[in-house]
Amino acid sequence: MTTTRMEAPRRRLGRLALVSGAALALFAALPMSSASAAASGTFYYESATAGSQRIVDPPLHQCMTLFHATGASNQTNATARVYFDGNCEREWGSLQPGQYSNNFGAKLYSVQFGS
């Protein structure tokens with residue numbers, strides 16, 4: 001007489017569910033992608049129209065408006081690229097973490113953080 005066992009498929013299904021659950025938990029615990037990350041620190045700048053301004057923990061790789069910046073101090077952990085226009089297209093140059101400049105030659109209108 002042959003006996004058919006049904007427990008083996010149930011065990012496999014249980015193990016598959018356990019492994020899938022563990023993989024999902026691991027995936028959920030991973031940090032978000034760097035595209036949504038932010039620099040740590042503060043970017044200070046002097047505005048010809050609004051006085052002293054600051055941007056705290058700025059997002060990476062996003063163009064941000066400056067209000068007629070005449071000087072800036074990058075106290076973040078990311079490179080700050082500053083621009084003559086409001087669209088982050090006409091680059092003046094960059095300020096490395098800890099770097100300051102008030103010699104732009106013109107007012108700056110945007111900044112973008114990250115390399």
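Refer to the structure presented above.
Fair warning: this is a prediction, and the values are worked out from it, not measured in the lab. (Residues numbered from 1 in each chain as written. Predicted model: local features only at pLDDT ≥ 70, side-chain atom pairs only at ≥ 80, totals over all residues. Heavy atoms only, no water.)

A. Representation of the nonpolar core in the model. In this structure, Phe43, Tyr45, Ile55, Leu66, Val82, Val111 and Phe113 are the most contacted members of the largest nonpolar core, which totals 17 residues. Secondary-structure elements contributing two or more residues to this core are strand S1 (41-47), strand S3 (64-76), strand S4 (80-83) and strand S7 (108-113). Broken down by element, this core gets its largest block of residues, four residues, from S3. (Core = buried A, V, L, I, M, F, W, Y, C linked by side-chain atoms within 4.5 Å. Buried < 20%, exposed > 50% of the residue type's maximum accessible area, 1.4 Å probe, protein only. Helix = DSSP H or I, 4+ residues; strand = E, 2+ residues; numbered from the N terminus.)

B. Spotlight on the packing of aromatic side chains. Applying the stated criterion across every chain, the model contains three aromatic pairs. Taking the centre distance of 4.7 Å and the plane angle of 80° together, the rings of Trp92 and Phe104 count as edge-to-face. Linking Trp92 in strand S5 (residues 91-95) with Phe104 in the loop between strand S6 (100-101) and S7, this pair joins segments that are twelve residues apart in sequence. A relative accessible area of 5% means that Phe104 is categorised as buried. (Phe/Tyr/Trp six-rings, centres within 6.5 Å; stacked < 30°, edge-to-face > 60°.)

C. View of the pairing of S7. As paired strands, S3 and S7 are joined by three bridges and run antiparallel to one another. The residue of S7 that forms the bridge with Thr65 is Ser110. (Pairing = 2+ DSSP bridges.)

D. The arrangement of the environment of Ser101 in detail. Turning to its location among the elements, Ser101 is positioned in strand S6. Remark: the alpha-carbon pair of Ser101 and Asn74, spanning 27 residues in sequence, is separated by 9.0 Å. Aside from chain neighbours lying at most four places away, what touches Ser101 is Gly71, Ala72, Trp92 and Leu95. Within the structure, Ser101 has its side chain in polar contact with the backbone nitrogen of Asn103 (distance 3.2 Å). (Contact = heavy atoms within 4.5 Å. Polar contact = N/O pair within 3.5 Å; in protein donor to acceptor, adjacent residues only side chain to side chain.)

E. Fine view of the state of the cysteines. If you walk through the whole model with that rule in mind, you get one disulfide. The disulfide bridge from Cys63 ends at Cys88, spanning 2.1 Å between sulfur atoms. Since a negative S-S torsion denotes a left-handed disulfide, the Cys63-Cys88 link at about 95° is right-handed. One end of the pair, Cys63, is in the loop between strand S2 (51-56) and S3; the other, Cys88, is in the loop between S4 and S5, with 25 residues separating them in the sequence. (Disulfide = S-S within 2.5 Å.)

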